[in-house]
Amino acid sequence: MARTIIIETNGGPEVMKLVDRAVGEPGPGEIRIAQKAAGLNFIDVYQRSGLYKLPLPAALGMEAAGVVEAVGPGVTHLKPGDRAAYAAAPPGAYSDARVMPAAQVCKLPDAISFEEGAAMMLKGLTVDYLFNRTTPIGKGDWVLFHAAAGGVGQIACQWARSEGINLIATAGSDAKCQMALDLGATHAINYRSGDFAPKVREITGGKGVRVVMDSVGKDTFEGSLNSLAPLGMMISFGSASGPVPPFDILQLAAKGSLKLTRPTLFAHIADPAVCQEMAARLFAKVASGAVRINIDQRFPLEKVADAHRALEARATTGSTILTM
């Protein structure tokens, strides 16, 4: 049996329940993993609330790290006793142990702790596809990144610095802006102090940025488009403030033949070989010290509702984990 967080209906943090569930043995292509920590992400909130639909009842959590206990037939890249971490479907990471598909589970280097592994996989792999797999970004290019003091944003600031990319960060307080600057952002804008788009234009000499990386959604979407240079790329990869409302696609033409994409991590890691390649790049960044994983909040599994409330209130910085 393993303690597992489930929901039987969609709603607020109070709908999450801690139950004991049988774990079982892995079948073909599966592993059983004893988990040391799980990561907290906005996708968990979207699934809990019903913005992203799950068949109910459902377990929650998309990211964790632990020790492989058993492997099923056909699993060759992992063995019992391996340290491992993942960001992968199906949900179920909020648990002491689980059986799950092995394809997107990655062997965790000894130099990276279980807590770091749990905190970094979904966020770090997201940063990898943003910088390496969505649109070409080179040394000296200008990128606007929203919510830069959060878990994804902190990794992005450091990643950009390591690649010589000029990252303009936005955050909701002067303290969070300073955090982004300390981590490698070239400039930082407190979006609560007014419209950020004119400030982006000022920083870039009126040109705008080549790429916007926006996980905030509704509140920043229009300003993000207004921050782009002609032919620029808008990457909308989250909806922390709510989903982007319908808009006239002709706006993209009027604002300079802009490009818009709404990617998901799980499309990028669907190919197991690609997933392992992306993880290798992430592990190398962390092991080299180019990227540091900052875990600023820890909650025991039974306090998961408090963790969700803090995340939704934008009261967190860096990464948040659940400890088992």
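These numbers were taken from a predicted model, which means no experiment stands behind them. (Residues numbered from 1 in each chain as written. Predicted model: local features only at pLDDT ≥ 70, side-chain atom pairs only at ≥ 80, totals over all residues. Heavy atoms only, no water.)

Let's shift gears to the overall build of the protein chain. Scanning the protein chain from terminus to terminus reveals 10 helices and 16 strands. Against the globule reference of 20 Å for 324 residues, the protein chain gives a C-alpha radius of gyration of 20 Å, in line with a compact fold. Over its C-alpha atoms, taken along the principal directions, the protein chain stretches across nearly 60 × 40 × 35 Å. Sorting the 324 residues of the protein chain into buried and exposed places 55% on the buried side. If you sum the accessible surface of the protein chain, you get close to 12,900 Å²; carbon and sulfur atoms cover 54% of it. For the protein chain, the distance from the average position of its 32 positive side-chain charges to the average position of its 30 negative side-chain charges is 3 Å. (Helix = DSSP H or I, 4+ residues; strand = E, 2+ residues; numbered from the N terminus. Rg over C-alpha atoms; globule rule 2.2 N^0.38 Å. Buried < 20%, exposed > 50% of the residue type's maximum accessible area, 1.4 Å probe, protein only. Areas by Shrake-Rupley, 256 points an atom, 1.4 Å probe, with all protein chains shown as cover. Lys, Arg positive; Asp, Glu negative; His and termini not counted. Charge placed at Lys NZ, Arg CZ, Asp CG, Glu CD.)

On to the packing of helix 3 (residues 151-163) against helix 9 (residues 272-288), then. Direction vectors running N to C along helix 3 and helix 9 enclose 85°, while the axes themselves pass 12 Å from each other. Here helix 3 lies roughly perpendicular to helix 9, going by the angle between them. Touching Trp159, Ser162 and Glu163 of helix 3 are Arg281, Leu282 and Lys285, all from helix 9. Class assignment for the residues of the contact of helix 3 with helix 9 results in two nonpolar, one polar and three charged. (Axes fitted to C-alpha atoms, helices over the stretch in contact; angles between N-to-C directions. Parallel < 35°, antiparallel > 145°, perpendicular 65-115°, else oblique. Contact = heavy atoms within 4.5 Å. Nonpolar A, V, L, I, M, F, W, Y, C, P; charged D, E, K, R; others polar.)

For the rest of this paragraph, the subject is the sheet that holds strand 2 (residues 16-21). The three strands are arranged 2-1-4 in an open sheet whose pairing can be described as antiparallel. The sheet terminates laterally at strand 2 and strand 4 (58-59), the two strands that pair on one side only. Sheet topology places strand 1 (residues 2-7) next to strand 2; six bridges connect them, and they run antiparallel. Within the sheet, the bridge partner assigned to Ile6 lies in strand 2 and is Lys17. (Pairing = 2+ DSSP bridges.)

Turning our eyes to something else, we now look at unusual backbone geometry. Glycine aside, residues mostly have negative phi angles, and peptide bonds mostly take the trans form. The residue after Leu56, namely Pro57, is reached through a cis peptide bond having omega -5°. Put simply, Ala89 and Pro90 share a cis peptide bond, and its omega is 0°. Of note in the backbone geometry, Arg314 takes a positive phi value of approximately 55° without being a glycine. Here Arg314 lies in the loop between helix 10 (304-312) and strand 16 (319-323).

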